[in-house]
Amino acid sequence: MAASQCAIAIYFTSLPFSQRPLKSIHRRRTDPMVTLSSVLESIINDMRDLPNTYPFHTPVNGKVVKDYYRIVTRPMDLQTLRENVRKRMYPSREEFRESVELIFKNSATYNGAKHPLTLVSQAMLNLCDEKIKEKEERLVRLEKAINPLLDDDDQVAFSFILDNIVTQKMMPVPDSWPFHHPVNKKFVPDYYKVIIDPMDLDTLRKNISKHKYQNREVFLFDVALIHTNSVKYNGPDSPYTKTALEIVNVCKQTLAE
């Protein structure tokens, strides 16, 4: 280290912490599914802390309660519930609550509706409902981030559907790779002299992200350009054109569904 650099380092380390230069912090965007799972696990902890809930902490031992799994066909307990949460199996509070309610229903089925254990499981379900209501605003935001189809803005939901069609249906079409990105004019120098309105799947996705398409007709117009441009540049009998037509047909079929 040069003498000047060493002097600067000594100067900064001798400053009080509050006066030292702040380092830039780059934070990764938190996955909403991870955050939702963390909230749901906190609810499990609250239920587990209720009095007399220990019989529901782990799966019923079939060796001790030999007829249990003949009577209860969909067992559930807090340990299994926690494992499911950590596997990201609950993208919404409704699905999580259904599993909590299953603990109560199973107890009512096996032990009877008035049994002390069933009353304990009812208390767990009641607490779950209270906690979900307390955290409702946050949970709704997380659910919408996980599944844009739940968004109040119809355009967000529609764009989500279109992007899924492009990525899940159109891009997987065999041999469709030439249409995934804009044509490189360095390799095809005359392309943009022939094609004045180019289109490709990556450009479609960019347009979708900007919410350009507000109905199916506008979206299909740009999709059709992929085939039209291939006919014009490659010819109607070209293998590229046949693939382009398949891309368009897959899109139309998926939209119809």
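My aim in this report is to walk through the structure given alongside it, one point at a time. Predicted model, so just to flag it, every value in this text is computed and none were measured.

## Section: the overall build of the protein
And then number 1: A tally of regular secondary structure across the protein gives twelve helices and zero strands.
And then number 2: Every one of the 257 residues in the protein was classed for burial, and the buried ones make up 34%.
And then number 3: Surface exposure of the protein reaches about 16,800 Å², of which carbon and sulfur atoms provide 54%.

## Regarding the packing of aromatic side chains
And then number 1: One pass over the full model with this rule turns up six aromatic pairs.
And then number 2: A ring pair is formed by Tyr213 and Phe219, whose centres lie 5.3 Å apart and whose planes are at 70 degrees; its orientation type is edge-to-face. Judged on exposure class, the residue Tyr213 and its partner Phe219 are both buried.
And then number 3: Among the aromatic side chains, those forming a connected cluster through ring pairs are Tyr68, Tyr69 and Tyr110.

## What to know about unusual backbone geometry
And then number 1: Positive phi outside glycine occurs at Arg88, with the angle close to 60 degrees.
And then number 2: Mapped onto the elements of the fold, Arg88 is located in the loop between α4 (78-86) and α5 (93-111).

## Considering α5
And then number 1: The terminal C-alpha atoms of α5 lie 27 Å apart, and with 19 residues this matches the ideal 27 Å at 1.5 Å per residue to within 8%.
And then number 2: Residues of α5 that are buried: Arg93, Phe96, Ser99, Val100, Leu102, Ile103, Asn106 and Ser107.
And then number 3: Considering only its buried residues, α5 is in contact with α2 (32-48), α3 (68-71), α4, α6 (116-134) and α7 (136-146).
And then number 4: Just past α5, the residue Gly112 takes up positive phi, approximately 105 degrees.

## A few points about the pattern of salt bridges
And then number 1: Per the stated rule, a full pass over the model turns up 13 salt bridges.
And then number 2: Of the charged contacts in the structure, one is a salt bridge between Lys131 and Asp46, with a shortest N-O distance of 3.9 Å. One end of the pair, Lys131, is in helix α6; the other, Asp46, is in helix α2, with 85 residues separating them in the sequence.
And then number 3: Taking relative accessible area as the criterion, Asp46 reaches 28% and is therefore assigned partly exposed.
And then number 4: With its nearest N and O atoms 3.8 Å apart, the salt bridge here joins Lys131 to Glu134. On the criterion of helical spacing, the pair formed by Lys131 and Glu134 is a turn pair, its members being three residues apart in helix α6.
And then number 5: Each of the salt bridges in this network shares a partner with another, and the network as a whole consists of Arg93, Glu94, Glu136 and Glu143.

Thresholds, definitions, all that
Residues numbered from 1 in each chain as written. Predicted model: local features only at pLDDT ≥ 70, side-chain atom pairs only at ≥ 80, totals over all residues. Heavy atoms only, no water. Helix = DSSP H or I, 4+ residues; strand = E, 2+ residues; numbered from the N terminus. Buried < 20%, exposed > 50% of the residue type's maximum accessible area, 1.4 Å probe, protein only. Areas by Shrake-Rupley, 256 points an atom, 1.4 Å probe, with all protein chains shown as cover. Phe/Tyr/Trp six-rings, centres within 6.5 Å; stacked < 30°, edge-to-face > 60°. Expected span 1.5 Å × (residues − 1). Contact = heavy atoms within 4.5 Å. Salt bridge = Lys/Arg side-chain N within 4 Å of Asp/Glu carboxyl O.

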